[in-house]
Amino acid sequence: MATDYDAPRKNDEDVEQDSIQELQARRSDKSSGVVDEDETEAAEGFELPGADLSGEELAVRVLPRQADEFTCTSCFLVHHRSQLAYEKNGQMICSECAA
């Protein structure tokens, strides 16, 4: 619950004047601050500025595997030879997959 620090504070006289019914109503009304909100519905209505990329095309230049690179037979990613953990029966495994 947000607290307004600029609001005047209650003194002892004000606290004594609060009725028992009012205090009981506040105590039983604790669950009223809880909001059941579906996160997916809330996210659908939220849009980031400049996030519409529907008209954009990606232009990526793909290079073939170089002589100092290998394709890991476990994760199928292309790595530099320095990341080669071991080669067994012609199957090359990178250091990340070997760990």
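These notes cover the structure that comes with them. Fair warning: this is a prediction, and the values are worked out from it, not measured in the lab.

Looking at the side chain of His 79
Right, so step 1: By secondary structure assignment, the location of His 79 is in strand S2 (residues 78-80).
Right, so step 2: A polar contact of 2.7 Å, which involves the side chain of His 79, links it to the side chain of Gln 83.
Right, so step 3: When residues no more than four places from it in sequence are discounted, the contact partners of His 79 are Asp 68, Glu 69, Phe 70, Cys 72 and Cys 94.

A word on the environment of Met 92
Right, so step 1: Mapped onto the elements of the fold, Met 92 is located in strand S4 (residues 91-94).
Right, so step 2: In the structure, Met 92 is positioned 20 residues away from Cys 72 in sequence and 5.4 Å away in space, judged by C-alpha atoms.
Right, so step 3: Ignoring sequence-local partners within four residues, the contact set of Met 92 consists of Phe 70, Thr 71, Cys 72, Thr 73, Arg 81, Leu 84, Tyr 86 and Glu 87.

Side note on a negative patch on the surface
Right, so step 1: Residues Glu 37, Asp 38, Glu 39, Glu 41 and Glu 44 make up a contiguous surface patch of negative charge.
Right, so step 2: In this structure, Glu 39 sits in helix H3 (residues 39-44).

Some remarks on the pairing of S4
Right, so step 1: Relative to S4, strand S3 (residues 84-88) runs antiparallel, the two being bridged by four bridges. Counterpart to Glu 87 in the pairing with S4 is Met 92.
Right, so step 2: A loop of two residues connects S3 with S4, the two strands running antiparallel in sequence, and Asn 89 in this loop sits at a positive phi of about 55°.

Cut-offs applied
- Residues numbered from 1 in each chain as written.
- Predicted model: local features only at pLDDT ≥ 70, side-chain atom pairs only at ≥ 80, totals over all residues.
- Heavy atoms only, no water.
- Helix = DSSP H or I, 4+ residues; strand = E, 2+ residues; numbered from the N terminus.
- Polar contact = N/O pair within 3.5 Å; in protein donor to acceptor, adjacent residues only side chain to side chain.
- Contact = heavy atoms within 4.5 Å.
- Patch = residues over 30% accessible without salt bridge, like charges linked within 9 Å, V, L, I, M, F, W, Y side chains within 5 Å.
- Areas by Shrake-Rupley, 256 points an atom, 1.4 Å probe, with all protein chains shown as cover.
- Salt bridge = Lys/Arg side-chain N within 4 Å of Asp/Glu carboxyl O.
- Lys, Arg positive; Asp, Glu negative; His and termini not counted.
- Charge placed at Lys NZ, Arg CZ, Asp CG, Glu CD.
- Pairing = 2+ DSSP bridges.

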